[in-house]
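# Structural overview
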Amino acid sequence: MPDLTVPPTPPTPPVPLGALLAREDLGLRQIAGPSDPDIAIHWAHTSEMPDPYPYLLGGELLLTAGVHIPDAAGSGTYFDDYVARIVEAGGVALGFGVAPVHDTVPRALVAACDHYDLPLLEVPPPTPFSRVARAVWQLMAQARLAELRRVTEAQQSLAAAASRPDPLPSVLRQLAQRVGGRAVLFGPDGTEIAGAGRGAGAVGATGAGRGVRAVGAPGAVAGGRTGSSGTGTEGGPGAEASGAEVREALAELVRVVRPPGAPTSSPTSATASSTSPASTPASTDSTPPTRPTPTSATDTVSGVHLAAYALGTGQGFVLGVAAPQRAPGDHTIASVAAVLLSLLTGEHQSRTGADRSSALVRLLLGAPPEDVASLLGGDRWLVVHALPDAGTGPDPVATSALGAALGSALIDLAPEAVRVLVPGDRAPAAQPGWTLGVSAPVAPEDWSAADQQAARALARARATRTPLVVHGASGRAGLADLLPHDAAEEHARTLLAPLAAHPALVETLRTWLSLHGSWDRTAVALAVHRNTVRQRIARCAALLETDLDDPDVRMELWFGLRQL
């Protein structure tokens, strides 16, 4: 039996019935049922079963030629039972093909569809059902493409807003504009820090008269809020009452999604009844203590769609969104904004934005790194180099999400690789969709050397197709620990002096030795042809006047390269 309390999630946006009726090539005509053009069709399904209920998931346009209809159907309850089962299964419309079985749509079927408010479409003889199904998928593909384009444009505009001098209000303004409503940033104590877009009263007035229905979402409360006939309807309290109810409902969602460890004061479940007299009380059961705190929640009040997103800073900041309608892609757009706001509001082990700005200015004015490191918070640091696995250049939104996952807002979106400066007390983990190279923990004065370590680690990770490589991860004491650093460095410079004027040869030799003499993997790591690697290694052997196939020679050269 289908679960009608949780609507199925289609792979693409649904198709309005009006868009299907507007296709002149199909010639469809609605002859019964409500004429609401916004009725959504999730897919088309053909069935000649007298009881299609077991074969429907909900949201279908059911197509039939009436093969299942018995001869004496018009004098009994056959059509009433048939249409009732379609409606009970969640079908949203019925298409009846005229010919070859029936010359016209049975009148009893028309009456039954009118009685159960099921739209009935007449499918003309020249239109096969496969053409109708294909038209549904074409319209769904067009809607999906439009949604992806809208989300992409929103990501770009949000990322640009985050880089403005006033990033917080800019991101909120851009989000409010994209969803056509209001976006609010709530502080740890639940008060409104910043907001943009139309006020709650205006949004409530827009949604007045459209009714209220419960909406479920990941982490959202079950049951939702149910409105009474007096809320926002004709003759009711009007826009002011709706606006007050919307603000109260949004405040409840904010309390629900407050992240663990954030300052809270007796969290209130969004299933609790509203203090507004215009709302109908819902379940007052408290959330079990073992249930994890949701990171997002949605609700619908007086026709206004509400959503709340806990920011990933762990400080209790929450993004709230109120819009008169919920369009495809809105959740993705709001999630992108939440990631950006997390970076803008969180400390991420780098203290405040003012400290970061001060550190940057001092570095530009010539202060050594060790003098400004205290402003960034930390004595030891890691340098992370990252490249996306997709093969395309990193975009600002994905890069911001990577920085948040690594726990740092100190990010350089360089063309060759994304570089992130991470506090040394963190152990970066592999990130889905990224290949990472991580340096050893260093003091600020060794940031430059750590940058080179991370670059080499990333090259090795790409060559070995490993998601994460950490420089010196073995942790064992090496040969270099047995010699004074100055003596080891002097020996290395003397040994590799013939290559000093050829940096490309030095890097090729270093990579080739690190990959155990593999021509192919070295070529991948350096992004050159394997023949180029062979030529460079042969040139190294000639300049060093040595045999690179000798393992003793390789060991000594590797020791020398590690000191430079």
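Our structure's up above, just so we're on the same page.
Here we summarise the structure given alongside this text. Just so it is clear, the structure is predicted and the values come from calculations on it, not from any experiment.

Between Ala99 and the following residue, Pro100, the backbone shows a cis peptide bond with an omega angle of 10 degrees. Inspection of the secondary structure assignment puts Pro100 in the loop between strand E6 (93-97) and helix H3 (107-115). For Asp117, which is not glycine, the phi torsion reads 55 degrees and is therefore positive. As for its position among the elements, Asp117 is in the loop between H3 and strand E7 (120-123). Judged by relative accessible area, which is 53%, Asp117 ranks as exposed. Although it is not a glycine, His516 sits at a positive phi angle of roughly 60 degrees.

Taken as a whole and judged by the stated rule, the model has 4 aromatic pairs. Consider the rings of Tyr78 and Phe79, whose centres lie 5.7 Å apart with planes at 85 degrees: the pair is edge-to-face. In this pair, the class of Tyr78 matches that of Phe79, namely buried. Plain terms: the ring middles of Trp512 and Trp519 are 5.4 Å apart, the flat faces sit at 35 degrees to each other, and that makes the pair tilted. You can call Trp512 buried: its relative accessible area is 2%. For Trp519, a relative accessible area of 22% translates into the label partly exposed.

All right, on to the packing of helix H14 (residues 503-514) against helix H15 (residues 519-526) then. Packing of H14 against H15 leaves a shortest axis separation of 9 Å and a crossing angle of 130 degrees. Between H14 and H15, the crossing angle belongs to the class labelled oblique. The crossing of H14 and H15 is right-handed. Touching Glu507, Thr508, Thr511 and Trp512 of H14 are Trp519, Thr522, Ala525 and Leu526, all from H15.

Another aspect to go through is the environment of Gly190. For Gly190, the location among the structural elements is in the loop between strand E8 (182-186) and strand E9 (192-197). Linking Gly190 and Val318, residues 128 residues apart in sequence, is a C-alpha distance of 8.2 Å.

In space, the 5 strands of this open sheet follow the order E9-E8-E14-E13-E12, with antiparallel pairing throughout. Since the sheet does not close on itself, it has two edges, and those belong to E9 and strand E12 (296-301), each with one partner. Neighbour-to-neighbour, the strand axes of this sheet turn through a mean angle of 15 degrees, independent of strand direction. Sheet topology places E12 next to strand E13 (residues 304-310); 6 bridges connect them, and they run antiparallel. Looking at the pairing, Val301 lines up with Val304 of E13. Relative to E8, helix H5 (residues 167-179) is tilted by about 145 degrees, and along the sheet it contacts E8, E9 and strand E14 (318-323).

A complete count under the given rule lists 12 salt bridges for this structure. The partner of Glu147 in a salt bridge is Arg144, and the shortest N-O contact between them spans 3.2 Å. Within this pair, Glu147 and its partner Arg144 are both found in helix H4 (residues 129-162), separated by 3 residues, close to a single helical turn. Classification of Glu147 by relative accessible area gives buried; the value is 13%. In this structure, the salt-bridge partner of Arg419 is Asp412, at a minimum N-O distance of 2.9 Å. Taking relative accessible area as the criterion, Asp412 reaches 31% and is therefore assigned partly exposed. Among the ionic contacts, a cluster of salt bridges with common partners joins Asp51, Arg85 and Glu88.

Together, Glu370, Asp371, Glu445 and Asp446 make up a region of like negative charge exposed at the surface. On the secondary structure map, Glu445 appears in the loop between strand E18 (434-438) and helix H12 (447-463). Classification of Glu445 as partly exposed rests on a relative accessible area of 46%.

Among the 6 residues that make up E12, 6 are buried, leaving the element largely enclosed by the rest of the structure. What you see with E12 is no split at all: Ser296, Thr298 and Thr300 on one side and Ala297, Asp299 and Val301 on the other are buried throughout. Hairpin connection between E12 and E13: a loop of 2 residues separates the two successive antiparallel strands, and Ser302 in this loop has a positive phi of roughly 55 degrees.

Moving on, we get to H5. An ideal rise of 1.5 Å per residue puts 18 Å on 13 residues; H5 measures up with 18 Å between its terminal C-alpha atoms. Looking only at H5, the buried set comprises Ser170, Val171, Leu172, Gln174, Leu175, Ala176 and Val179. In the core, the buried residues of H5 are packed alongside H4, E8, E9, E14 and helix H8 (330-345). A positive backbone phi angle near 70 degrees is found at Gly180, which sits one or two residues after H5.

Cut-off values and rules
Residues numbered from 1 in each chain as written. Predicted model: local features only at pLDDT ≥ 70, side-chain atom pairs only at ≥ 80, totals over all residues. Heavy atoms only, no water. Helix = DSSP H or I, 4+ residues; strand = E, 2+ residues; numbered from the N terminus. Buried < 20%, exposed > 50% of the residue type's maximum accessible area, 1.4 Å probe, protein only. Phe/Tyr/Trp six-rings, centres within 6.5 Å; stacked < 30°, edge-to-face > 60°. Axes fitted to C-alpha atoms, helices over the stretch in contact; angles between N-to-C directions. Parallel < 35°, antiparallel > 145°, perpendicular 65-115°, else oblique. Left-handed = near helix turned anticlockwise from the far one by under 90°. Contact = heavy atoms within 4.5 Å. Pairing = 2+ DSSP bridges. Salt bridge = Lys/Arg side-chain N within 4 Å of Asp/Glu carboxyl O. Patch = residues over 30% accessible without salt bridge, like charges linked within 9 Å, V, L, I, M, F, W, Y side chains within 5 Å. Areas by Shrake-Rupley, 256 points an atom, 1.4 Å probe, with all protein chains shown as cover. Lys, Arg positive; Asp, Glu negative; His and termini not counted. Charge placed at Lys NZ, Arg CZ, Asp CG, Glu CD. Expected span 1.5 Å × (residues − 1).

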